[in-house]
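Residues per chain are reported as follows:
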Amino acid sequence: MTQARFFGFEKLDVYHLSVEMAADVYRVSGHFPQDERFGLTNQLRCAATSVTLNIAEGAGRDSRKDFAHFLTQARGSTYEVASGLQLAVRLGFVLQADTQAVHEQAQTIAAMLSALARNLKAEA
């Protein structure tokens, strides 16, 4: 998708990866049982969306310390996605092979968020 980037967070690779992961979570969770619509499906989608939103919100804060805090929140939501997918596999909602790519994205995103937060704290 090509569009003008007006906000600082739109320049961050981790932001774009988190948007991709959220879209993939929506795709994978779309195959969950209908009666999970307000359970694990919703929880996973909220967690995945929270990653992107926390990156954006943190970038809009007035200090590096605040931004680092929101990145830490985003990392927690990334862990929540990984955990929720493991639960979905255990419950038989999805095959592990179908969650592998999202799990790998989550690992990459968590590492990037940690590194960025560390750098911001060091500069503060």
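Residues numbered from 1 in each chain as written. Predicted model: local features only at pLDDT ≥ 70, side-chain atom pairs only at ≥ 80, totals over all residues. Heavy atoms only, no water.

By the naming in an unreviewed UniProt entry, the protein chain is Four helix bundle protein, taken from Deinococcus sedimenti.

A description of the packing of helix 3 (residues 64-90) against helix 4 (residues 96-123) should follow, citing residues and the corresponding values.
Where helix 3 contacts helix 4, the two axes come as close as 9 Å, and the packing angle between them is 165 degrees. By the criterion of interaxial angle, the relationship of helix 3 to helix 4 is roughly antiparallel. The handedness of the crossing between helix 3 and helix 4 comes out as left-handed. (Axes fitted to C-alpha atoms, helices over the stretch in contact; angles between N-to-C directions. Helix = DSSP H or I, 4+ residues; strand = E, 2+ residues; numbered from the N terminus. Parallel < 35°, antiparallel > 145°, perpendicular 65-115°, else oblique. Left-handed = near helix turned anticlockwise from the far one by under 90°.)

Run through helix 1 (residues 13-29), naming residues and quoting values.
Between its first and last C-alpha atoms helix 1 spans 24 Å; for 17 residues at 1.5 Å apiece the expected length is 24 Å, and the two agree. On its buried side, helix 1 packs onto helix 2 (40-59), helix 3 and helix 4. (Expected span 1.5 Å × (residues − 1). Contact = heavy atoms within 4.5 Å.)

Explain the side chain of Thr 52 to me, using residue names and the numbers behind them.
Of note, Thr 52 is situated in helix 2. Accessibility expressed as a relative area gives 10% for Thr 52, which makes it buried. Once you skip the residues sitting within four places of it in the chain, Thr 52 turns out to touch Tyr 15, Ser 18 and Val 19. (Buried < 20%, exposed > 50% of the residue type's maximum accessible area, 1.4 Å probe, protein only.)

An account of the packing of helix 1 against helix 2 is requested, with residue identities and associated values reported.
For any two helices packed against each other, one specifies the crossing angle of their axes together with the interaxial distance. At a closest axis distance of 9 Å, the pairing of helix 1 and helix 2 adopts a crossing angle of 170 degrees. Judged by the angle between their axes, helix 1 and helix 2 are roughly antiparallel. The segment helix 1 lies against helix 2, with Val 14, Tyr 15, Ser 18, Val 19, Met 21, Ala 22, Val 25, Tyr 26 and Ser 29 engaging Thr 41, Leu 44, Arg 45, Ala 48, Thr 49, Val 51, Thr 52 and Ile 55. The residue makeup of the contact of helix 1 with helix 2, split by class, is eleven nonpolar, five polar and one charged. (Nonpolar A, V, L, I, M, F, W, Y, C, P; charged D, E, K, R; others polar.)

An account of the packing of aromatic side chains is requested, with residue identities and associated values reported.
When we look at a pair of aromatic rings, we describe it by the centre distance and by the angle of the planes. In total, this model carries three aromatic pairs according to the counting rule given. Aromatic side chains Phe 7 and Phe 9 sit 5.6 Å apart centroid to centroid with 10 degrees between the ring planes, which places their arrangement in the stacked category. Residue classification places Phe 9 among the buried positions, given a relative accessible area of 14%. Taking the centre distance of 4.8 Å and the plane angle of 70 degrees together, the rings of Phe 9 and Tyr 15 count as edge-to-face. (Phe/Tyr/Trp six-rings, centres within 6.5 Å; stacked < 30°, edge-to-face > 60°.)

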